[in-house]
Amino acid sequence: MSQTTPVETVLDRRQLRRKLTRWRLAALALAVVALLVAAGRFAGDAGHLAPHIARLEINGLITGDRDTLKLIKSIDESSATAVLVQVSSPGGTVTGSEHIYDELRRLAQKKPVVAVVDTMAASGGYIVALGADHIVADGNSLIGSIGVLFQIPNVAKLLDTIGVKVETIKSSPLKAAPNGLEPTSDAAKAAVDALVADSYSWFKSVVKERRGLDDAQLAAVSDGRVFTGRQGKDLKLIDEFGGEREALAWLERERGIAKGLPVKEWKKNAVGKPFNLFSAAGALLGAAGVEPLERFASQMENVQGQATLDGLLAIWHVGRDQ
């Protein structure tokens, strides 16, 4: 049986000490990182406690998700003295857009709200912009697309061609109609048409009220087309040209907001956000600083999300890459 010599014992102890030292250093590094993250979050929260202008981004497809609504409520209860809503959206669901619009109008009762249109505020995106007290857009921004649509793919003819028949037993003729698996009846088309007409009427009433249009002016902008910011200015769909700088100047000039107040970003908690290949790729590309590819991944995620939209839509060019 071999015995350990004193020299070997000393060497083993030194090696063990080196390992322990490495582990202690690794643990210390993790502790420092954790403290820095906690300090960053605390600093961010502390920044929201001081008077500031809150910046809220409404991007991509609008669904009126709970996190966005909670974020608006949090801004309402914060020390923010004004709110800058940055809109870049082709729209989304009518109901989701309505929810955000309603929350912004409630918020505007306590704090001045100004909307800045980035690339576009079309359909549901424009509904969101209408929730602000003032709308600023670039001359080449796209706005409007005032209208509602309902789309469902119908594969009834394809099923007939391949010899497949779907048997349906339902309580009444209009239950689950239209369903895309059978020809749409005139009664079903009339029922959906009534839904679209009702939501369209609501959309137009909001535009008319918020933009101060008469019937003739409303008719000129509510046929579903989009307008550039330059066209929209003449049609009273926006208030002035510009971006964030002009929006801040309006807050200072018209609402008495102190000049030089910091603009603080308010973002949704990423926890609970649905995971998919494009969201993961976007996160990695963003961390790597590859912004063009990050934007592309985000756009692809939006396109994928369009397939999950259900019900009545207020969206421009549904199904296309925005």
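Refer to the preceding data block for the structure.
Just so we're clear, the structure is a prediction, and the values are computed from it rather than from any experiment.

**Q** How would you summarise the overall build of the chain if you had to cite specific residues and measurements?
**A** Looking only at helices and strands, the chain features eleven helices and nine strands. For the chain, with 322 residues in total, the buried portion stands at 36%. Intrachain contacts of the chain at a sequence separation of at least 6 include 75% that bridge at least 24 residues. For the chain, the exposed surface amounts to about 19,100 Å²; the carbon and sulfur share of it is 56%.

**Q** Outline a nonpolar patch on the surface, listing residues and values.
**A** Nonpolar side chains collect at one region of the surface, where Val155, Leu158, Ile162, Val164, Val166 and Leu181 lie side by side and expose about 470 Å² of accessible area between them. One can find Val166 in the loop between α5 (156–162) and α6 (186–211). Judged by relative accessible area, Val166 falls into the partly exposed class, the value being 34%.

**Q** Give a detailed account of the pattern of salt bridges, specifying residues and quantitative values.
**A** Under the defined criterion, the tally for this structure stands at twelve salt bridges. Arg211 is paired through a salt bridge with Asp239; the nearest N and O atoms lie 3.0 Å apart. One end of the pair, Arg211, is in helix α6; the other, Asp239, is in the loop between α8 (229–234) and β7 (240–241), and 28 residues separate them in sequence. Close ionic contact of Asp223 with Arg225 constitutes a salt bridge, the shortest N to O distance being 2.5 Å. Judged by relative accessible area, which is 45%, Asp223 ranks as partly exposed. In this structure Arg225 comes out as partly exposed when scored by relative accessible area, which is 47%. Each member of the salt-bridge network shares a partner with another, and the members are Arg55, Glu244 and Glu265.

**Q** Lay out the environment of Glu167 in plain terms, naming residues and giving numbers.
**A** The topology assignment puts Glu167 in the loop between α5 and α6. Sequence separation of Glu167 and Glu182 is 15 residues, and the distance between their C-alpha atoms is 9.6 Å.

**Q** Give me the lowdown on the packing of helix α2 (residues 66–76) against helix α3 (residues 94–108), citing residues and values where you can.
**A** For the pair α2 and α3, the least separation of the axes is 10 Å and the interaxial angle reads 5 degrees. What the angle tells us is that α2 and α3 run roughly parallel. Judged by residue contacts, Thr68, Leu69, Ile72, Ile75 and Asp76 of α2 engage His99, Ile100, Glu103, Leu104 and Leu107 from α3. Partitioned by chemical class, the residues of the contact of α2 with α3 number six nonpolar, two polar and two charged.

**Q** Run through the side chain of Ser97, naming residues and quoting values.
**A** By the element assignment, Ser97 lies in helix α3. A distance of 2.8 Å separates a polar atom in the side chain of Ser97 from the backbone oxygen of Thr93. Beyond its immediate chain neighbours, meaning those up to four positions away, Ser97 contacts Ile62, Gly124, Ile127 and Val128.

**Q** Can you explain the pairing of strand β2 (residues 80–93)? Please cite residues and give values.
**A** For β2, a buried count of 13 out of 14 residues is recorded, marking the element as mostly surrounded by other parts of the structure. Direction of pairing for strand β1 (residues 52–62) relative to β2: parallel, over a ladder of ten bridges. Bridging from a neighbouring strand, Leu56 pairs with Val85 of β2. Where the polypeptide runs from β1 across α2 and back to β2, its parallel neighbour, the crossover connection is right-handed. With six bridges joining them, β2 and strand β3 (residues 113–122) adopt parallel strand pairing. Within β3, the position partnered with Val87 by the bridge is Val117. What joins β2 to β3 is α3, and the crossover it makes is right-handed.

What counts, and at which threshold
Residues numbered from 1 in each chain as written. Predicted model: local features only at pLDDT ≥ 70, side-chain atom pairs only at ≥ 80, totals over all residues. Heavy atoms only, no water. Helix = DSSP H or I, 4+ residues; strand = E, 2+ residues; numbered from the N terminus. Buried < 20%, exposed > 50% of the residue type's maximum accessible area, 1.4 Å probe, protein only. Contact = heavy atoms within 4.5 Å. Areas by Shrake-Rupley, 256 points an atom, 1.4 Å probe, with all protein chains shown as cover. Patch = residues over 30% accessible without salt bridge, like charges linked within 9 Å, V, L, I, M, F, W, Y side chains within 5 Å. Salt bridge = Lys/Arg side-chain N within 4 Å of Asp/Glu carboxyl O. Axes fitted to C-alpha atoms, helices over the stretch in contact; angles between N-to-C directions. Parallel < 35°, antiparallel > 145°, perpendicular 65-115°, else oblique. Nonpolar A, V, L, I, M, F, W, Y, C, P; charged D, E, K, R; others polar. Polar contact = N/O pair within 3.5 Å; in protein donor to acceptor, adjacent residues only side chain to side chain. Pairing = 2+ DSSP bridges. Right-handed = clockwise from strand over helix to strand, strands pointing away.

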